[in-house]
Amino acid sequence: LALSAADESVVGFQSDVVNAFERFTGTTPLPVGSTSKSLALSANSMFLYLGDDSDNTVAGFGVDALTGALTSLGAGTATVTDPEFLATHYDGLTLYVSSTTGSKIGKHTLVTTTGAVGAVTETTTNSTGPTRLVMADFDQDELYVLSPANDKIENYGIDSFGDISFDSDADT
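Residues numbered from 1 in each chain as written. Predicted model: local features only at pLDDT ≥ 70, side-chain atom pairs only at ≥ 80, totals over all residues. Heavy atoms only, no water.

**Describing the environment of Leu95**
Inference 1: Secondary-structure assignment places Leu95 in strand β12 (residues 94-99).
Inference 2: C-alpha of Leu95 to C-alpha of Gly162: the two residues are 67 residues apart in sequence and 8.9 Å apart in space.
Inference 3: If sequence neighbours within four positions are ignored, Leu95 has contacts with Ala40, Tyr49, Val58, Leu86, Ala87, Thr88, Gly106, Lys107, His108 and Leu110. (Helix = DSSP H or I, 4+ residues; strand = E, 2+ residues; numbered from the N terminus. Contact = heavy atoms within 4.5 Å.)

**Notes on the sheet that holds strand β18 (residues 164-166)**
Inference 1: Strand order in the open sheet formed by 4 strands is β15-β16-β17-β18, with antiparallel pairing between adjacent strands. Pairing within the sheet leaves two strands with one partner each, and these edge strands are β15 (132-135) and β18. For this sheet, the mean inter-axis angle between neighbouring strands, taken without regard to orientation, is 30 degrees.
Inference 2: Both β15 and strand β16 (residues 142-147) contribute to a ladder of 4 bridges, which runs antiparallel. Each bridged residue has a counterpart across the sheet, and for Met135 the counterpart in β16 is Leu143. (Pairing = 2+ DSSP bridges. Axes fitted to C-alpha atoms, helices over the stretch in contact; angles between N-to-C directions.)

**What about the environment of Gly68?**
Inference 1: Within the secondary structure, Gly68 sits in the loop between β8 (57-63) and β9 (70-72).
Inference 2: Judged by relative accessible area, Gly68 falls into the buried class, the value being 5%. (Buried < 20%, exposed > 50% of the residue type's maximum accessible area, 1.4 Å probe, protein only.)

**Focus: the sheet that holds strand β11 (residues 83-88)**
Inference 1: In spatial order, the strands read β11-β12-β13-β14; together these 4 strands make up an open sheet with antiparallel pairing. Of all the strands in the sheet, just β11 and β14 (117-124) have a single pairing partner and so form its edges. Across the sheet, the mean angle separating the axes of adjacent strands is 25 degrees when strand polarity is ignored.
Inference 2: Pairing between β12 and strand β13 (residues 104-110): 5 bridges, direction antiparallel. Bridging from a neighbouring strand, Leu95 pairs with His108 of β13.

**With respect to the pairing of strand β7 (residues 47-52)**
Inference 1: Within β7, 6 of the 6 residues are buried, which leaves it mostly tucked inside the rest of the structure.
Inference 2: Residues Phe47, Tyr49 and Gly51 of β7 are buried on one face, and the alternating residues Leu48, Leu50 and Asp52, pointing to the opposite face, are buried as well.
Inference 3: By the bridge criterion, 6 bridges tie β7 to β8 in an arrangement that is antiparallel. Along β8, the bridge assignment pairs Leu48 with Phe61.
Inference 4: If you look at the hairpin formed by β7 and β8, you'll find 4 residues sitting between the two strands, and Asn56 has a positive phi there, around 55 degrees.

**Quick word on the confidence of the model for the protein**
Inference 1: Summary statistics for the protein give a mean pLDDT of 75 and a share of 68% for residues scoring 70 or more.
Inference 2: Here residues 13-26 is a poorly scored stretch, pLDDT under 50, and it has 20 contacts once near neighbours within four places are set aside; other chains count. (pLDDT = per-residue confidence, 0-100.)

**A look at a nonpolar patch on the surface**
Inference 1: The grouping of Val134, Tyr144, Leu146 and Ile153 at the surface amounts to a nonpolar patch, some 310 Å² of accessible area in total.
Inference 2: In this structure, Leu146 sits in strand β16.
Inference 3: A residue is classified by how much of its surface remains accessible, and Leu146, at 36% relative accessible area, is partly exposed. (Patch = residues over 30% accessible without salt bridge, like charges linked within 9 Å, V, L, I, M, F, W, Y side chains within 5 Å. Areas by Shrake-Rupley, 256 points an atom, 1.4 Å probe, with all protein chains shown as cover. Salt bridge = Lys/Arg side-chain N within 4 Å of Asp/Glu carboxyl O.)

**Some thoughts on the side chain of Lys107**
Inference 1: With respect to the secondary-structure elements, Lys107 resides in strand β13.
Inference 2: On the accessibility criterion, Lys107 (13% relative accessible area) is buried.
Inference 3: A polar contact of 3.1 Å, which involves the side chain of Lys107, links it to the backbone oxygen of Phe161.
Inference 4: Every residue in contact with Lys107, bar those within four places of it in the chain, is listed here: Thr94, Leu95, Tyr96, Ala119, Val120, Thr121, Phe161, Gly162 and Asp163. (Polar contact = N/O pair within 3.5 Å; in protein donor to acceptor, adjacent residues only side chain to side chain.)

Here is the structure:
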């Protein structure tokens, strides 16, 4: 799945056996507007999440496993101001959202069976300005936060509730 700036939509792609990508046939791009910046796919690949900074929300979409067609899960859920990057935890229970204008990471609880997005809980990071997010591998509970403004990568541990805390020993 990819954001298309040309027609302000989300389009689905599939990979063949040699990893060449082609657009899903028979699907129509889903209009999402020009202010959507980032996508995150759920751990089970059944749901897609999209950050929209025009109204500071995260919208959810069901993903048809056979066709790639997207179905809106309803109105977006409020998130951090100016959502920039999204990352889903490998357990499928948490979505993290970074802000372009501040040092906040939003945490949303996800319902794995319906894709519903819960209310946001914000954590203030040590970074300034826009941040990028990367989840660690499946066997680790780590969230890496890149802050170009202060040229740092920060490491946050993730507890069993999906809450993050700064790991000062791992900061680079």
